[in-house]
Amino acid sequence: MGDTTELATAIYKDCGEGQDKQQLQLQQQVRQSSSLTNIEVSDGVGGDATAVRADEVTCSRQSVLTFHDVSYTVRVREKGCSSTLKAIIKNVSGVMHPGMNAIMGPTGSGKTTLMDILAQRVNIGRLDGEVLINSKRLPRNFNYMSGYVVQDDIVMGTLTVRENLYFSASLRLPRTMSKSEKEARVDMVLADLGLTEVQNSKIGNEFIRGVSGGERKRTNIGMELIIQPNILFLDEPTTGLDAHTAVNVMQLLRDLGAKGKTIVFAIHQPRYSIFKLFDSLTLLSNGQTVYHGEAAAALNYLEENGFHCEEHDNPADFVLDTVQSIAEGDEDGVAQGISLANSYRDSHYFQKVKTELDSAFELLQQSGGRTDDKTPSSTYANNFFFQMWVCMKRAATNVIRSPMLSIFRIVMMVVFGFIIGLIYFQLSNNSKGIQNRVGGFFFIIINLVFGNMGTIELFMSERSLYRHEASSGYYHIFAYFLARVLVDVALVNILPFVLFSTVVYWMMGFVNDAGKFFYFMLIVVFTALAGNGATYAVGTGVKVFAVGSLMTALIYTIMMIFGGLFLNLQSIPNWLRWLQWLSIFRYSLEAMSVNELKGSLFCDDQYRVNGTCSFNIANLGSCQPAVINGTAYLIEQDFDIDNAMWYDPMALVLFFIGFCFIAALELRFLRKNR
C-alpha cells in the first residue's frame, strides 16, 4: 500500500502546478488492495492518458475558461435580396471555473450561441474577441478534445448503452490503448453515471422499446466523458426529463464539477433544487451580459438594482422574469428605468471578474499568444481505415437489428419480379417479340430506379447524429460516408436485386444461357446502384423527405425521357442529344437489349422450321417484315452493339461513383457546428 501511494503522489506532482489541496484529495483516492490497476494521467483539455501499473487514480490539470469582449454577428436575409448584419452576442466577458457554470436567459437571448462560441463550434458569421483556456488561446482541435452534449439525445437507438459508449471509446481514444483498457474506461463511465444495471439494454427507437429518458440523457453524457474532458458543455441538459430525473442528472453534473471538471451549460428555467446547485451564473438579455458571477449572489445584485424577489418565489423564475421584462421594455421595466447591462458593467461584480480577465490576458501576452501546448495536436485519435471499420460495424449492427426495412425491400422486389414476370410471361420469338422484350426491359429499369426513393432517408435520418459526431472528432467525413454506403450496398441492396433478376429473367423467358443470365443480373444490380447514388446525392442535400422525393422524381423523369424507348435517340435535336449520355435508363436499356437481342431472329410461325426461323441472316434483306433481325433492330436504335457489353456497365458504375462523390461533398460542407 505504501509504495502504491507514493507512486500516485509522485504522478500527481508531475501533473501541473497550482491545484488546491481539496482537488489533491479528490484525485489521490487510492484503493487499499494488493492488486495493481491503472493510473491514468491526463493533462490539458483532452483525455489522452498514459496507463501506469498502480492503484486507480486520475490526475488532471484543472481548466479555467475565460472569454474577453466576445461579439458574434451573422448576416440575415430580409425581404427581397437584401440582407443585414445582426448582432447575436455583444461584448460579453466572463470566467468559467471548475464547477457548475450556468448560462441563463430568455428565449433568443443568445445563451446557446455563447456556449457554442466557448466550445469552438460556430463556423459561420463574424466572431470577435478572445476565448482562452488557462490564459492561453484555444487549440484548433479544442472542440475535439472537450465534451459537448446537445439538447436532443443523439445516440444510435439499436445499440445498447455499453455499445454506444464503446463506439465513442473506439474512435476517440488512441489505438495505443488496448481493447481491455478501453473496456475499463467504459466500465468506469458506466459506474460513474449509474448505468451499470442497464448497460446491456438497447437505447430504443420508434420500433424498439429502450431505456428511460434519464438513462438516455446519461448515456449522451457518458459518450463525452469517455475521453475524460476537463471541460464539458451541455445544451439544455434537462430537456424532456421529468422533475425528479432532471434533478438526478444535474446532481450528477454537480459531482463531476466537484471532481475538478468545468461544467458549462445553457439552461432555460430550472426548479429551485437545480438552481441552488449552480456555482456561477451568467445572465443574458438580447446578447448582453446583465449578470455574471456567483449564482448565490444573483438575487443580491438584482435587489441592489430595485428588483425584489418575493417570498416563496422560485429564484430561477424571478431572475428570468426580471430579465425578460427589461428585454421587452414592459411597464415595470420602463418605470424602473434601469439597464441591467450597463448597471452590471459599473458594479463591483464585474470589477472582480475584470481583474481576473486582465490577469489572464496579461499571462497570454507574456507567453507570446501561444495556444495550450498541453493539448494533443492531432485531429483524430485513429487513422482513416480504422474509423471506417468501426463505423461499418455499427452500421451493420443497426441494419441487422432493424430488419424490417431490409425484409420489406426483399419482399417488395420479389413481388414486383413476379408481377412483371406474369405480365411478360414466357415471351415468344414472333414478330412482336422485340417490342415486348424492350418494353419489359424498360419496365424493369423503371422499377429498379424509382424503387430507390426510400433510400433518400439514408443520410437524412442520421443528419443530427453525423453532425454531432463529426464535429466532436469521432471520424473523418469520408470514413463515415464510405462505411455507410458499403453497408447499405452489401446488406440492403444486393440481395433484393439478385432475387429480382432471377425471378424476372426465367419467368419472362429470355435466352437460356448462363452467361447472358449473369450479365443481366449484373446490369440489374448496377442500374439499381446508379439509382441509389442519385438518392444519396439528393438526400444529403435536403432536410425534408417530400422535397427530396420531388427532386429525385424530376431527375429520374428527365433520364427516362432520354432513355431511348419513348423517343428515338437519332430524332433528338443536336442541341439536346447530349442529354442521353446523362441517362441511367439509356445505358441500362442498351446493355439489356444487346445482351438479349444481338444475333437473334424473330419471326411468326409460318416462317419457322422445327421451332426456329428458317431464314439465313445474310438473306433477310428480301424477307417479309414478319421476320426481324435483332441485330438490325439494335443498329436502327443507334445502340453500340460492339462496345455496349463493357461500356454500359462501366458507365453505370461511374454514375454511382459520381453521385456518391457529390453526396460526400455535400456532407463535407454540411454545417457541423452542433
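Here the focus is the sheet that holds strand β4 (residues 65-77). A sheet is described by the order of its strands in space; here four strands give the open sequence β5-β4-β7-β8, paired in antiparallel fashion. Where the open sheet ends on each side, the last strands, each with one partner, are β5 (83-96) and β8 (136-137). As judged from the ten bridges shared by β4 and β5, these two strands associate in the antiparallel manner. Following the sheet pairing, Arg77 is matched in β5 by Ser83.

Two aromatic rings, taken as a pair, are described by how far apart their centres are and by the angle between their planes. For the structure on display, the rule yields 35 aromatic pairs. Geometrically, the ring pair formed by Phe384 and Phe385 is edge-to-face, given 5.5 Å between the ring centres and 85° between the ring planes. Judged by its relative accessible area of 28%, Phe384 is partly exposed. Under the relative-accessibility criterion, Phe385 is labelled exposed at 63%. Geometrically, the ring pair formed by Phe655 and Phe659 is tilted, given 6.1 Å between the ring centres and 35° between the ring planes. With Phe655 and Phe659 both in helix α26 (residues 644-668) and four residues apart, the pair spans about one turn of that helix. Among the aromatic residues, those joined into a ring-pair cluster are Phe167, Phe459, Tyr466, Tyr474, Tyr475, Tyr480, Phe481, Tyr536 and Phe656.

With that settled, consider unusual backbone geometry. Notably, Gln120 is not glycine yet its phi reads approximately 60°, a positive angle. Inspection of the secondary structure puts Gln120 in the loop between α3 (111-118) and β7 (126-133). Overall, the relative accessible area of 29% leaves Gln120 in the partly exposed class. Even without being glycine, Gln426 reaches a positive phi, approximately 45°. Within the fold, Gln426 resides in the loop between α16 (403-423) and α17 (433-450).

Scored by pLDDT, the protein chain comes out at a mean of 81, with 82% of its residues at no less than 70. Mean pLDDT values for the elements of the protein chain range from 33 in strand β2 (residues 50-54) up to 95 in helix α5 (residues 161-172). In this model, residues 1-60 is a region of pLDDT below 50 whose contacts with residues beyond four sequence positions or in other chains number 123 contacts.

This paragraph deals with helix α20 (residues 477-508). Here α20 spans 44 Å end to end across 32 residues, near enough to the 46 Å set by a 1.5 Å rise per residue. Helix geometry: α20 is bent most strongly at Asn493, by close to 40°, with proline Pro496 lying one to four residues after it. Backbone geometry just downstream of α20 places Gly509 in the positive-phi region, at approximately 75°.

On to the packing of helix α21 (residues 514-539) against α26. Where α21 contacts α26, the two axes come as close as 8 Å, and the packing angle between them is 20°. Comparing the axis directions of α21 and α26 gives the class roughly parallel. Between α21 and α26 lies a crossing whose hand is left-handed. Residue composition of the contact of α21 with α26, grouped by class: 20 nonpolar, two polar and one charged.

With that out of the way, let us pick up the sheet that holds strand β6 (residues 99-104). Spatial ordering of the open sheet is given by β9-β10-β11-β6-β12-β13, a layout of six strands whose pairing is mixed. Each edge of the sheet is formed by a strand with only one pairing partner; in this case those strands are β9 (147-149) and β13 (288-294). Strand after strand, the sheet turns through a mean of 15° between neighbouring axes, direction not considered. Judged from the five bridges that link them, β6 and strand β11 (residues 262-266) form a sheet pairing that is parallel. Counterpart to Ile103 in the pairing with β11 is Ala266.

Rules of the game
Residues numbered from 1 in each chain as written. Predicted model: local features only at pLDDT ≥ 70, side-chain atom pairs only at ≥ 80, totals over all residues. Heavy atoms only, no water. Pairing = 2+ DSSP bridges. Helix = DSSP H or I, 4+ residues; strand = E, 2+ residues; numbered from the N terminus. Phe/Tyr/Trp six-rings, centres within 6.5 Å; stacked < 30°, edge-to-face > 60°. Buried < 20%, exposed > 50% of the residue type's maximum accessible area, 1.4 Å probe, protein only. pLDDT = per-residue confidence, 0-100. Contact = heavy atoms within 4.5 Å. Expected span 1.5 Å × (residues − 1). Bend = angle between axes of the 7 residues up to and from the residue. Axes fitted to C-alpha atoms, helices over the stretch in contact; angles between N-to-C directions. Parallel < 35°, antiparallel > 145°, perpendicular 65-115°, else oblique. Left-handed = near helix turned anticlockwise from the far one by under 90°. Nonpolar A, V, L, I, M, F, W, Y, C, P; charged D, E, K, R; others polar.

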